[in-house]
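A look at the structure
The chain contents come next:
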Amino acid sequence: MQSKFYLIVKKPQYLTILIAVAALCLLWIVGKTRPDPKSAHEGHSHEEGHDRPAVSSSDGLLISSFSIDSALQAAKGKLSQQNVSRLDQLEASVDKAGDNGQKLHAYHQLSGFWKDSVKAFVPYAWYIAEEARLENSEKNLNFAGHLFLNNLQHVENTEMSRWMALQAKDLFERSLKLNPGNDSAKVGLGATYMFGGISNAPMEGIAKIRDVVTKDSTNVYAQMTLAMGSLMSGQTDKAKERLETVTRLDPGNLQAVLLLADVYEKQDNKQEALKFYQKALPLVSNHAEMKAELEKRIIALKKQN
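The structure displayed is predicted, hence computed values, not measured ones. (Residues numbered from 1 in each chain as written. Predicted model: local features only at pLDDT ≥ 70, side-chain atom pairs only at ≥ 80, totals over all residues. Heavy atoms only, no water.)

1. Brief notes about the pattern of salt bridges
Counted by the stated rule, this structure contains 14 salt bridges. The residue D88 makes a salt bridge to K76 at a minimum N-O spacing of 2.6 Å. On the criterion of sequence distance, the pair formed by D88 in helix α4 (residues 81-96) and K76 in helix α3 (residues 68-76) is long-range, its members being 12 residues apart. Residue K76 is classed as buried on the basis of its relative accessible area, which comes to 18%. For D183, the salt bridge is made with K215, and the minimal N-O distance between the two is 2.8 Å. Within this pair, whereas D183 is found in helix α9 (residues 183-195), its partner K215 is found in helix α10 (residues 203-215), the two being separated by 32 residues in sequence. When its relative accessible area of 16% is taken as the criterion, D183 is described as buried. The class of K215 is exposed, set by a relative accessible area of 53%. (Salt bridge = Lys/Arg side-chain N within 4 Å of Asp/Glu carboxyl O. Helix = DSSP H or I, 4+ residues; strand = E, 2+ residues; numbered from the N terminus. Buried < 20%, exposed > 50% of the residue type's maximum accessible area, 1.4 Å probe, protein only.)

This is the structure:
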């Protein structure tokens, strides 16, 4: 979850809480893998698919040296012979596809193979993105963009992380071309600038998200993203204000509750920290280990009072 998350500032301790929370929702750990060099939607090759979102420096973005083709080959090299044979068949179906419908089906099967059979995130996400681009569906482009964005934090390799962020940027921009009013895509695009390490001007991302909040101050996703940006840039009071807004709008938001408790604890406001740690307890009732850690934290703070 990463100093790859933000280009300018180092990863703060706050993120360790988010990592723990997000880990409860993950289906698998990110793997250093990738699909095959034959994937193509109408009119571009697999390799072109990688280069397109990786924009040129004239766009003011930082280019990633990560190669999806190399990553896919490396992932394939780790498969059993049985899975290699299955993958060869699926890859061949892309080349044999007679129309977009058949190609979409092939991409869908490839993404399912990497997700269910191998549990390798990057190839899975790549084919989800290729399918979304070919279909050109606002909903699926947005889903694929968030898929890359939400998993940036699990990638230790800076170049891979930046490549994922560039993929997310491309997908969100395509979604917004179809529906310029999609606030989820707007916030996702802004978050990509803030956390993806793709630009020396993360304020551009913040501005996009602030536009959403100006229009709708009850947008929890936008408020939470700005709160994370404030925490990561050391603006604790601003972050606290936004986190308090999130907890009012969405009392069951575990990330916001835990982060707010941590902020208060770091500010030596033990009473407020206790209040929010206690609010978090029922939200983790199904996760015994996290609940036990929270109970220990609460006991320790009560002793300090």
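Read on for the rest.
2. Brief notes about helix α8 (residues 158-178)
For α8, spanning 21 residues, the distance from its first C-alpha to its last is 31 Å, which sits close to the expected 30 Å at 1.5 Å a residue. Taking burial as the measure, the 21 residues of α8 include 15 buried ones, the bulk of the element. A distance of 2.9 Å separates the backbone nitrogen of E159 from a side-chain oxygen at the start of α8, and that oxygen is part of N157. (Expected span 1.5 Å × (residues − 1). Polar contact = N/O pair within 3.5 Å; in protein donor to acceptor, adjacent residues only side chain to side chain.)

3. Here we look at the packing of helix α11 (residues 220-232) against helix α12 (residues 236-249)
Remark: α11 packs on α12, axes separated minimally by 8 Å, with the N-to-C direction vectors making an angle of 155°. It follows from the interaxial angle that α11 and α12 lie roughly antiparallel. α11 and α12 meet at a crossing whose hand is left-handed. Here V220, Q223, M224, L226, A227, S230 and L231 of α11 lie close against α12, whose contacting residues are T236, K238, A239, R242, L243, T245, V246 and L249. Here the residues of the contact of α11 with α12 sort into 9 nonpolar, 4 polar and 2 charged. (Axes fitted to C-alpha atoms, helices over the stretch in contact; angles between N-to-C directions. Parallel < 35°, antiparallel > 145°, perpendicular 65-115°, else oblique. Left-handed = near helix turned anticlockwise from the far one by under 90°. Contact = heavy atoms within 4.5 Å. Nonpolar A, V, L, I, M, F, W, Y, C, P; charged D, E, K, R; others polar.)

4. As for the environment of L283
Topologically, L283 is positioned in the loop between α14 (270-280) and α15 (288-304). Separated by 26 residues in sequence, L283 and V257 have C-alpha atoms that sit 9.5 Å apart. Excluding residues within four positions of it along the chain, L283 makes contact with P251, G252, L254 and V257.

5. Observations concerning unusual backbone geometry
For N136, which is not a glycine, the phi torsion comes out positive at approximately 55°. Of note, N136 is situated in the loop between α6 (121-135) and α7 (138-150). Of the residues examined, N136 reaches a relative accessible area of 39% and is grouped as partly exposed. A positive phi angle is found at D268, which is not glycine, with a value near 65°. Checked against the element boundaries, D268 lands in the loop between α13 (254-266) and α14.

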